[in-house]
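As a plain string of letters, each chain reads:
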Amino acid sequence: MIKVTVWNEGRHEKISEEVRRVYPDGIHGALAAFLGTEEDITVRTATLDDPDCGLPQEVVDDTDVMLWWGHMAHGDVPDEVVERVANAVHAGMGLIVLHSGHHSKVFRRLMGTPCSLGWRENGDMERVWVVDPAHPITQGIDRYFELPHVETYAEPFSVPEPEKLLFIGSYEGGEVFRSGCLWRRGHGTVFYFQPGHETFPIYYEPAVQTVIKNAVRYCAPVIRQPITCPHIEKI
């Protein structure tokens, strides 16, 4: 079984009726609902307002893949939680960062860059193109899929060059964006996936769910071993 922790700020649905209408159980609830139907995946959720942000060391240690969604309260995540998650990635835990999680402390910590981009929130259509049809994360997706209403993201996206680019998004306004990117950090895999928004029902889209399920399986650890700097004896 792949043990998944879905982390979400959980703030939007507390203050916005518009968000509650789309995600009555929060974005973490919507993600956990479809992941929890898979026979090889077990899911727990955690939010910013849980004790220790729902991510004490024992939860992080018991997580194979973590999904991270944040937007309005990136700065409220304590640095010690960020370090705990980053260390787990280096040791082999998979991390899937969704949509506006690009500005989260943990993603910026692992990328070492500002992770900034251009954006416009007016509900344009996005066409998400598959770059590598042979990759495990793109399986079950045709040449592209369409999302009728999204928040437009635009290059330049100030991240390190992806080790693998899987999706490119194109928008009605002509913008393009690297919508699905992979990096290795230590023993762990980081996947950034752009589609998703608090007021658009994107996480109910079958293609988006397929990509996220594929990514969970791909990012699951091969090993879970802290990176150390040992003194070694000559053989």
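Residues numbered from 1 in each chain as written. Predicted model: local features only at pLDDT ≥ 70, side-chain atom pairs only at ≥ 80, totals over all residues. Heavy atoms only, no water.

Novice: Would you explain the sheet that holds strand S2 (residues 41-47) in this entry?
Specialist: Adjacent strands of a sheet pair through backbone hydrogen bonds, lying either parallel or antiparallel. Within the open sheet, the 9 strands sit side by side as S2-S1-S3-S4-S9-S8-S7-S5-S6. Their pairing is mixed. The open sheet has two edge strands with one neighbour each: S2 and strand S6 (144-154). Neighbouring strand axes in the sheet, compared pairwise and without regard to direction, differ in orientation by 25° on average. The pairing of strand S4 (residues 94-98) with strand S9 (residues 188-193) spans 4 bridges and is classified as parallel. Opposite Ile-96, over in S9, you have Phe-191 as the bridge partner. Relative to strand S1 (residues 2-8), helix H3 (residues 26-35) is tilted by about 160°, and along the sheet it contacts S1, S2, strand S3 (65-69) and S4. Along the sheet, helix H7 (residues 206-219) contacts S1, S2, S3, S4, S6, strand S7 (164-171), strand S8 (176-185) and S9; its crossing angle with S9, the most-contacted strand, is approximately 170°. (Pairing = 2+ DSSP bridges. Helix = DSSP H or I, 4+ residues; strand = E, 2+ residues; numbered from the N terminus. Axes fitted to C-alpha atoms, helices over the stretch in contact; angles between N-to-C directions. Contact = heavy atoms within 4.5 Å.)

Novice: Would you mind showing me how to read the nonpolar core here?
Specialist: Soluble, globular proteins show a tendency: their nonpolar side chains are buried together. Formed by 73 residues in total, the largest nonpolar core has its most connected members in Leu-55, Leu-67, Phe-107, Phe-145, Phe-167, Phe-191 and Ile-212. The element best represented in this core is H7, accounting for 7 residues. (Core = buried A, V, L, I, M, F, W, Y, C linked by side-chain atoms within 4.5 Å. Buried < 20%, exposed > 50% of the residue type's maximum accessible area, 1.4 Å probe, protein only.)

Novice: Is there a simple way to think about the side chain of Glu-126 in this case?
Specialist: Turning to its location among the elements, Glu-126 is positioned in strand S5 (residues 118-130). It is Arg-127 that comes nearest to the buried, bridge-free Glu-126 among opposite-charge side chains, at 10 Å. Here Gln-194 takes part through its side chain, which lies 3.1 Å from a polar atom of the side chain of Glu-126. The residues touching Glu-126, leaving out its near neighbours within four places in the chain, are Phe-145, Glu-146, Leu-147, Val-150, Gly-169, Ser-170, Tyr-171, Ser-179 and Gln-194. (Lys, Arg positive; Asp, Glu negative; His and termini not counted. Salt bridge = Lys/Arg side-chain N within 4 Å of Asp/Glu carboxyl O. Polar contact = N/O pair within 3.5 Å; in protein donor to acceptor, adjacent residues only side chain to side chain.)

Novice: Help me understand the packing of H3 against H7 in this model?
Specialist: Relative placement of two packed helices is described by the angle separating their axes and the distance separating the axes. Relative to each other, H3 and H7 sit at 75°, their axes nearing to 10 Å. Relative to H7, H3 is oriented roughly perpendicular. When H3 is examined against H7, the residues Leu-31, Phe-34 and Leu-35 are found in contact with a partner set consisting of Gln-209, Ile-212, Lys-213 and Val-216. Split by residue class, the contact of H3 with H7 holds 5 nonpolar, 1 polar and 1 charged. (Parallel < 35°, antiparallel > 145°, perpendicular 65-115°, else oblique. Nonpolar A, V, L, I, M, F, W, Y, C, P; charged D, E, K, R; others polar.)

Novice: Sorry, what's going on with unusual backbone geometry here?
Specialist: In terms of backbone geometry, most residues other than glycine have negative phi values and most peptide bonds are trans. With an omega dihedral of 5°, the bond running from Glu-155 to Pro-156 counts as a cis peptide bond. Residue placement: Pro-156 occurs in the loop between S6 and S7. Its identity is not glycine, yet Cys-53 carries a phi of approximately 60°, on the positive side. Relative to the assigned elements, Cys-53 resides in the loop between S2 and helix H4 (57-61). A positive phi angle is found at His-99, which is not glycine, with a value near 50°. Considering the arrangement of structural elements, one finds His-99 in the loop between S4 and helix H6 (105-111).

Novice: Before we go on, may I ask you to explain the pairing of S1 in this structure?
Specialist: Regular strands have side chains that alternate between both faces of the sheet. Among the 7 residues of S1, 6 are classified as buried, and the element is accordingly described as predominantly covered. Direction of pairing for S1 relative to S2: parallel, over a ladder of 7 bridges. Paired with Asn-8 across the two strands is Thr-47, which belongs to S2. Strand direction decides the pairing type here: S1 and S3, joined by 5 bridges, are parallel. Bridged to Val-4 within S3 is Val-65.

Novice: Mind showing me how you'd approach the packing of aromatic side chains here?
Specialist: A ring pair, where both rings are aromatic, is described by two values, the distance of the centres and the angle of the planes. A complete count under the given rule lists 12 aromatic pairs for this structure. When the centroid spacing of 5.3 Å and the interplanar angle of 25° are considered together, the rings of Tyr-23 and Tyr-204 count as stacked. Within this pair, whereas Tyr-23 is found in the loop between helix H2 (17-22) and H3, its partner Tyr-204 is found in the loop between S9 and H7, the two being separated by 181 residues in sequence. Overall, Tyr-23 belongs to the buried group, its relative accessible area being 1%. Geometrically, the ring pair formed by Phe-167 and Phe-193 is tilted, given 5.7 Å between the ring centres and 55° between the ring planes. Taken as a pair, Phe-167 in strand S7 and Phe-193 in strand S9 lie far apart in primary sequence, 26 residues in all. As far as burial versus exposure is concerned, Phe-167 and Phe-193 are alike and both buried. Every member of this aromatic cluster is reached through a ring pair, and the members are Phe-107, Tyr-153, Phe-157, Phe-177, Trp-183 and Tyr-192. Over the aromatic face of Tyr-144 sits the side chain of Arg-127, whose NZ or CZ is 5.4 Å from the ring centroid. (Phe/Tyr/Trp six-rings, centres within 6.5 Å; stacked < 30°, edge-to-face > 60°. Lys NZ or Arg CZ within 6 Å of the ring centre and 35° of its normal.)

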